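# Structure assessment
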Amino acid sequence: MTEPSLWDYREVVGPNIIEELTILASHVGNRSIKMINSTAVGGGVAEMLHRMVPLLNEMGISTEWQVIQGADEFYEITKEFHNALQGKEMRFEKAALDTYLAYNEKNHALMDFDQDLVVVHDPQPAALIHWEKKRKNRWVWRCHIDLSHPNPQLWGFLKPYIEKYDAAIFSSALFSPELSVPQYRFYPAIDPLDEKNKELDETYVTRIFEKYGIPRDKPIVTQISRYDPWKDPVGVVRAFKMARKYVDCNLLLVGDKAADDPEAEKVLAEVKAEAGDAPDIHILMFSPSIASEINAFQRGSDVILQKSIKEGFALTVSEALWKRRAVIGGAVGGIPAQIIHGHTGILVHSVEGASLAIRSLLNQPGFARRLGSTGHQRVKDEFLITKNLKRYLLLLLALDKPRDETIFLYQ
Amino acid sequence: MKEKALTKVFQFSSSASLEKLTGQRALNLRGLLDLIKTCSDSAIFYHTFSAFLKLREAQVPYNSDFAVWVSRSLNEKALAEKLMAIDLSEYNAIKNLRSRLIEVIQSYAEENSPVFQKHANEPFYLHDVMRVVYLTDKFAYDLLSFRDLLSTVSIYSIYYHFIESRLNTQLQTDDFSAWIEKSLGLPELAKIIRKIDLSVYTLEGLRARMIQLIDEYRENSNPERRQSRERADD
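Criteria and thresholds
Note on numbering: residues in each chain are counted from 1, in written sequence order. Note on labels: chains are lettered from A, ligands numbered from 1, in written order. Since the coordinates come from a predicted model, pLDDT governs what is reported: local features require at least 70, and pairs of side-chain atoms require 80 or more to be given and counted, while whole-chain, interface and lining totals use all residues. Under the DSSP-based scheme used, a helix requires at least four consecutive residues in state H or I and a strand at least two consecutive residues in state E, with every element numbered from the N terminus. With C-alpha atoms as the basis for the radius of gyration, the globule rule is written as 2.2 Å multiplied by the number of residues raised to the power 0.38. With C-beta atoms placed from the backbone, a residue counts as buried when 20 or more other C-beta atoms lie within 10 Å of its own, as exposed when 12 or fewer do, and as partly exposed for counts between those limits. We call two residues in contact whenever the C-beta atoms placed from their backbones are within 7 Å. Two strands qualify as a pair provided DSSP detects at least 2 bridges between them. For helices, the axis comes from a line fit to the C-alpha atoms of the stretch in contact; other axes are also lines fit to C-alpha atoms, and the angle between any two N-to-C directions lies between 0 and 180 degrees. Under the scheme applied, nonpolar residues are Ala, Val, Leu, Ile, Met, Phe, Trp, Tyr, Cys and Pro; charged residues are Asp, Glu, Lys and Arg; polar residues are all the others, including Gly.

## Concerning the overall build of chain A
Per the secondary structure count, chain A includes 15 helices and 13 strands. On C-alpha atoms alone, chain A measures out to a radius of gyration of 22 Å, which is about the 22 Å that the 2.2 N^0.38 rule sets for 411 residues. When its C-alpha atoms are laid out on the principal axes, chain A stretches across 65 × 55 × 40 Å. A burial count over chain A gives 46% of its 411 residues as buried. Considering only contacts in chain A between residues 6 or more positions apart, those separated by 24 or more positions represent 69%.

This is the structure in structure tokens:
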């Protein structure tokens with residue numbers, strides 16, 4: 001399939017948004033960006049870069065993407081970095097920190113950094129900047145993870161490297177630490193034209209539900225999320241069972257599973273035990289799922305849950321809102337940025353709250369439709385890839401004049 | 001910014017914002033007051049004027065992030081109402097707006113002393129913003145072309161001319177009514193547009209209201225149309 005061009009987004013976001021992007025791009029002029037991360041496939045960052053890089057190029061910003069190299073020992077350490085930065089209590093030996101730095105130094109020697117802007121994603125390559133002593137270009141660190149409660153030892157080690165950058169980018173104010181360099185907020189974004197989000201024929205949606213034997217004779221309540229304790233799938237089953245006493249509905253749980261993920265098997269077993277042999281609870285596990293089928297499950301559902309009890313940003317919420325679904329979300333991480341309670345969805349704090357919200361939405365289809373419609377608008381305003389294109393253009397302008405509160409482009 | 005001479009042609013501008021984070025937060029009213037006293041002008045701008053760019057349906061009746069937080073996280077409804085009563089359209093300089101915000105909070109706290117100790121449910125996260133203002137390729141030459149463009153320009157353009165630009169022009173008015181009055185010589189229509197109550201509209205609502213007012217004005221100022229309508233009414 002040909003990748004969508006900027007022009008194709010006109011239909012989705014409206015011609016004004018694309019026209020204004022073009023005007024901003026003309027002021028930015030011929031610039032170059034290098035994106036650096038640690039993986040070419042898998043994960044939200046790689047998924048986003050696959051779409052952002054061609055679109056930035058189409059706007060005249062010459063953008064390339066390079067992946068750092070490392071052996072298993074490096075990735076084992078950076079996986080622990082990831083957990084520790086998200087709050088896990090642990091201690092790093094000096095040898096582990098030295099190994100991390102050695103791989104960054106090696107990668108620095110293998111790469112060039114001639115672009116106007118270098119965007120380094122996440123902690124794995126964050127120390128590259130240390131060996132770029134006489135740089136004249138701009139460097140920005142883009143942090144995609146939750147830094148609200150970082151492990152103090154590790155943050156103490158990484159912070160001096162981060163403060164060498166010209167700026168840092170975080171996904172939410174919740175994740176932002178105090179730093180000596182400017183910080184910008186880039187919400188994560190979904191691509192409305194990819195397989196997971198594009199419009200679908202109702203016949204395809206029907207076919208997918210039939211394929212997996214999910215009846216549509218009653219309203220469908222769905223959670224699409226990994227079988228992970230923090231996504232609380234057991235809580236979803238409990239909330240459904242409480243709500244089912246009052247409203248007739250089906251529950252659909254859809255989850256992905258990595259090839260070697262014993263924890264997912266354990267959680268899945270707990271979910272099945274909680275569900276018992278209830279005929280109206282349907283549990284699916286994929287490895288991996290097909291994006292267009294996930295799209296169909298979302299579009300064919302009446303209510304979508306993301307009942308997390310700990311979260312990063314949870315873009316699954318934006319995916320569901322984009323499809324005008326009524327969404328119930330746990331009030332954690334990035335979910336409250338997407339769900340404004342009572343306006344773009346319902347925020348809940350407990351199994352009981354989720355159960356009441358299911359009853360409320362299934363009994364008031366007009367209210368559910370209004371939430372879905374306002375939610376769609378919220379995603380259109382803030383959480384689409386086109387908005388992030390605009391943020392990159394503005395970032396290039398902002399880095400030229402970091403002290404200016406307002407930049408007038410009247411020439 | 002240099003003040004531009006008002007000419008007959010109206011070229012629509014637009015603005016774009018890049019949100020900044022500060023890592024600073026307030027956990028109670030004293031903390032909020034300290035942030036308001038010390039933050040940058042652009043941070044005050046972000047939490048007041050820029051609130052119009054956020055999902056307004058979810059903010060109404062509050063017209064600033066400060067009022068929303070004081071109401072929803074601190075549960076001080078009376079203070080939220082007092083903050084809401086600050087009419088942003090009366091301010092063309094952040095300095096004065098900041099002083100007014102400080103004054104309202106301090107005087108409320110003097111009358112309700114325990115309020116400073118009260119903990120909020122959620123922190124107030126101080127944001128900041130960098131704005132970029134640019135010209136679009138849309139020009140209005142007269143009232144009719146202006147009215148037609150009003151229905152097609154982006155909401156960012158409406159926002160810029162009706163709300164944000166007064167901070168640049170230092171005028172006590174929006175750009176639209178200034179142009180309608182000075183370049184089109186229609187002071188009555190300008191007065192009607194200037195009286196639009198910002199606090200009750202979303203940006204789309206503001207667009208629809210302006211179009212409606214212009215249509216009504218054109219209808220009423222055209223004797224033939226008025227007569228034919230009166231005949232139809234009879």
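## Some details on unusual backbone geometry
Residue and element names in this part refer to chain A. Residue Pro288 is reached from Ser287 by a cis peptide bond, and omega for that bond is -5 degrees. Within the secondary structure, Pro288 sits in the loop between strand E9 (281-286) and helix H10 (291-299). One non-glycine residue with positive phi stands out, namely Asp122, at about 70 degrees. Along the chain, Asp122 falls in the loop between strand E3 (117-121) and strand E4 (138-142). A residue is classified by how many C-beta atoms lie within 10 Å of it, and Asp122, with 21 of them, is buried. The residue Arg324 is not glycine, and still its phi comes out positive at about 60 degrees.

## Comments concerning the sheet that holds strand E11 (residues 326-330) of chain A
All names here are of chain A. Judged by pairing direction, the sheet is parallel, and its six strands sit side by side in the order E9-E8-E7-E10-E11-E12 without closing on themselves. Because the sheet does not close on itself, it has two edges, and the strands there are E9 and strand E12 (346-348). In this sheet, neighbouring strand axes are inclined to one another by 20 degrees on average, regardless of whether the strands run parallel or antiparallel. As paired elements, strand E7 (residues 220-224) and strand E10 (residues 303-306) share three bridges and run parallel to each other. Its bridge partner lying in E10, Gln223 is registered against Leu305. Contacting strand E8 (250-256) and E9, helix H9 (residues 262-275) crosses the sheet at an angle of about 165 degrees to E9. On the sheet, H10 packs against E7, E8 and E10 and is oriented at approximately 145 degrees with respect to E7.

## Considerations on the pairing of E3 of chain A
Residues and elements named next belong to chain A. Counting buried positions along E3 yields five of five residues, so the element is predominantly enclosed. Of the two faces of E3, the one holding Leu117, Val119 and His121 and the one holding Val118 and Val120 are both buried throughout. Both strand E1 (residues 31-37) and E3 contribute to a ladder of four bridges, which runs parallel. Bridged to Ile36 within E3 is Val120. Summarising the sheet, E3 and E4 pair through five bridges and their orientation is parallel. Within E4, the residue paired with Val119 across the bridge is Val140.

## Here's the deal with the interface of chain B and chain A
Accessible area lost during the coming together of the parts is what is often quoted as the interface size. Facing the 27 residues of chain B at the interface are 32 residues of chain A. Within the residue set of the side of chain B that touches chain A, elements represented by two or more residues are strand E1 (10-28), helix H2 (41-47), helix H3 (56-59) and strand E2 (119-140) of chain B. A class-by-class count of the residues in the side of chain B that touches chain A yields 13 nonpolar, nine polar and five charged. One ladder, built from two bridges, connects strand E6 (residues 183-185) of chain A with E1 of chain B; its direction is antiparallel. When the sheet's bridge partners are listed, Tyr184 of chain A is paired in E1 of chain B with Lys20 of chain B.

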